[in-house]
Amino acid sequence: MTEPLWTIDEIVKATGGRVKGPATRAVTGISIDTRTIQSGDLFVPLSDKRDGHDFVAGAFDKGAAAALVSRNVQLPNADATLIRVSDPLTALEDLAREARRRLKPDAVVIAVTGSVGKTGTKDMLRACFSAVGKTHAAAKSFNNHWGVPLTLATTPRDVDAAIYEIGMNHPGEITPLAKMVSPQIAIITTVEPVHLEFFSSVEQIAEAKAEIFYGLEPGGIAVLNADNAYFSLLRDRATRVNAQVLSFGRAADADVHLDDYTVQGSGGHVSATVGDHDISYALEIPGVHVAQNSLAVIAALHASGRDVMKGAKALSGLKPVAGRGARELLKVPGGEVLVIDESYNANPASMRAALSVLGDVPRDEHRRRLAILGDMLELGADSDALHAGLSESVETAAIDLVFLSGPHMQKLFEQLPDATRGAWANDVEDIADAVVAALHPGDVVMIKGSLGSRMAHVLAAIRNKFSD
Ligand SMILES: Nc1ncnc2c1ncn2[C@@H]1O[C@H](COP(=O)(O)OP(=O)(O)OP(=O)(O)O)[C@@H](O)[C@H]1O
Ligand SMILES: [Mg+2]
């Protein structure tokens, strides 16, 4: 029989808690949300808009094995197992540290941060390392003060590789999380103007990303993007803590070198050099930015002595997901349009990347490239300039028509030549109407904006208008 994730005794020992009720049931998972809790989970009540303790009884109704609690709660039955601690989040962190400590000595622990591409890179790491060993990573983008400890605390003790996404909105947030993860390999995908509202400069963002090196184990490796403007700064900060640097990118001296990226079908094909080895692999998720992220994954496979070829093959099995580049053919009168749904979120870097991917879709007299873009939020004082600055990418990608919604996007509208101006409106509803009216069969339509800009409404409007 495989060992459980946690025994009650282990949880008590790691958290210093006091157990009330039977201590026999095995804990097979951890949950902070009774909407998704599974039977056998340990329930950890966190406090957000509501105190999670209010949901403890519900957790037991759904089969929780035990719950961490810091106050008295109503129980559905007398034999429910409670572990009394002074604070459930702190106890979750204790479990996280114990989960990290008990990993096999030859397990590789990888932390990923960066302004964009963390989740995509985490998913690629999971696919590649799963091809060469037992691997743990969170299913979602769990990268904050509870997401990282939750992902750590749910790491099975016998994995060969464990992968953790670490995010931040403010300086100082990465340090404690990086120390908790204590990775042997720390990846920084790239540094870009994202969440700029909370920083005085992009350089400050780079410094905050460099906090990940404080968590590196002695002799650890920093995997860095050689093509990023902040590469030397990050390399310097990594070297200061005696980390070894492995770089990736197109730069001539990058350790994992991108030799060539070509569009292949709706994805891409990468040729790269790692040390003395040439490797090539297919990617079903399109874009040279994805190829760049994949190089970081190759670097991690290489640095941890895994079979790079075998790992890299797994990359072709990953597909773009809804809101993050998923493609869909929708019926319109006289034919179909291809919709690229990027509506989940946006910032200047990911907007440029998505426009470039749209520019890679072949066009002809029947196929126009339409970009439907909504405001990018949280960009602070430079926001208007960062919106206007997208005009270059629109031109490079040879976009035929651009439809824009939101007050900041008006600045981009003003920059565009008349021929590419589809329409601008303050409200996404108005822009959706304009897009629906303008569609021709054969068009390819890319929809992107910050979540708060509600660009998914445009996709819904196209579906509503033309579905039978
Ligand atoms: N290296 C890159 N350069 C530019 N854009 C990128 C890069 N990597 C990913 N992206 C784009 O950035 C967006 C976010 O990707 P992803 O979810 O992987 O990032 P994240 O860092 O996890 O974001 P979050 O902070 O929301 O967790 C997607 O639209 C993706 O296509
Ligand atoms: Mg993420």
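Criteria and thresholds
Residues numbered from 1 in each chain as written. Chains lettered and ligands numbered in written order. Predicted model: local features only at pLDDT ≥ 70, side-chain atom pairs only at ≥ 80, totals over all residues. Heavy atoms only, no water. Helix = DSSP H or I, 4+ residues; strand = E, 2+ residues; numbered from the N terminus. Buried < 20%, exposed > 50% of the residue type's maximum accessible area, 1.4 Å probe, protein only. Contact = heavy atoms within 4.5 Å. Donors = N, O, S within 2.8 Å, 3.2 Å for Na, K, Ca; no water. Near = heavy atom within 4 Å. Polar contact = N/O pair within 3.5 Å; in protein donor to acceptor, adjacent residues only side chain to side chain. Nonpolar A, V, L, I, M, F, W, Y, C, P; charged D, E, K, R; others polar. Domains from an automatic or database assignment. Buried area = accessible area lost by both parts, 1.4 Å probe. Salt bridge = Lys/Arg side-chain N within 4 Å of Asp/Glu carboxyl O.

Caption draft 1: Spotlight on the environment of Ile212. Along the chain, Ile212 turns up in the loop between α7 (202-210) and β10 (221-225). Ile212 gets classed as buried once you look at its relative accessible area, which sits at 0%. Sequence separation between Ile212 and Ala178 is 34 residues; the distance between their C-alpha atoms is 5.3 Å. Discounting residues that sit within four places of it in the chain, Ile212 has contacts with Ala111, Val112, Thr113, Ile166, Ile174, Ala178, Ala186, Ile187 and Ile188.

Caption draft 2: Representation of the coordination of the magnesium ion (ligand 2) in the model. At the metal site, the magnesium ion (ligand 2) is ligated by Thr119 (OG1), Ser141 (OG) and Glu165 (OE), and these contacts range over 2.0 to 2.3 Å. Sequence spacing of the donors to the magnesium ion (ligand 2): T-x21-S-x23-E. You can see Thr119 sitting in helix α4 (residues 118-130) and its partner Glu165 sitting in strand β8 (residues 161-165), a full 46 residues away along the chain. Residue Thr119 is classed as partly exposed on the basis of its relative accessible area of 24%.

Caption draft 3: The arrangement of the site of ligand 1 in detail. Surrounding ligand 1, one finds 17 residues, the nearest of these being Lys118, Thr119, Gly120, Asn293 and Arg324. At 3.0 Å, a side-chain N or O of Ser141 approaches an oxygen atom of ligand 1. Residue His289 places a side-chain N or O atom 3.3 Å away from an oxygen atom belonging to ligand 1. Among the secondary structure elements, those contributing two or more residues to the shell around ligand 1 are α4, α9 (288-303) and α11 (348-360). Residue composition of the shell around ligand 1, by class: three nonpolar, nine polar and five charged. Residue-level mapping places the shell around ligand 1 at the junction of two domains, with at least three residues from each of domain 2 (103-317) and domain 3 (326-466).

Caption draft 4: Just the domain arrangement of the protein, in detail. Taken domain by domain, the protein consists of domain 1 (8-86), domain 2 (103-317) and domain 3 (326-466). Measuring from the centre of the C-alpha atoms in domain 2 to the corresponding centre in domain 3 gives 29 Å. The partner domain 3 presents 14 residues to the 13 residues of domain 2 that form the contact. Overall, the association of domain 2 and domain 3 removes approximately 1,100 Å² of surface from exposure, summing both partners, and the carbon and sulfur fraction of that is 65%. Taken as a group, Pro193, Leu196 and Glu197 account for 33% of the area that domain 2 buries against domain 3, more than any other trio of residues on that side. Linking domain 2 with domain 3 are one salt bridge, by the criterion used here. Salt-bridge contacts for Glu192 lead to Arg352; the nearest nitrogen and oxygen are separated by 3.4 Å. Counting every contact that joins domain 2 to domain 3 gives four residue pairs in polar contact (both at pLDDT 80 or more). Here the side of domain 2 that touches domain 3 is composed, by residue class, of seven nonpolar, four polar and two charged.

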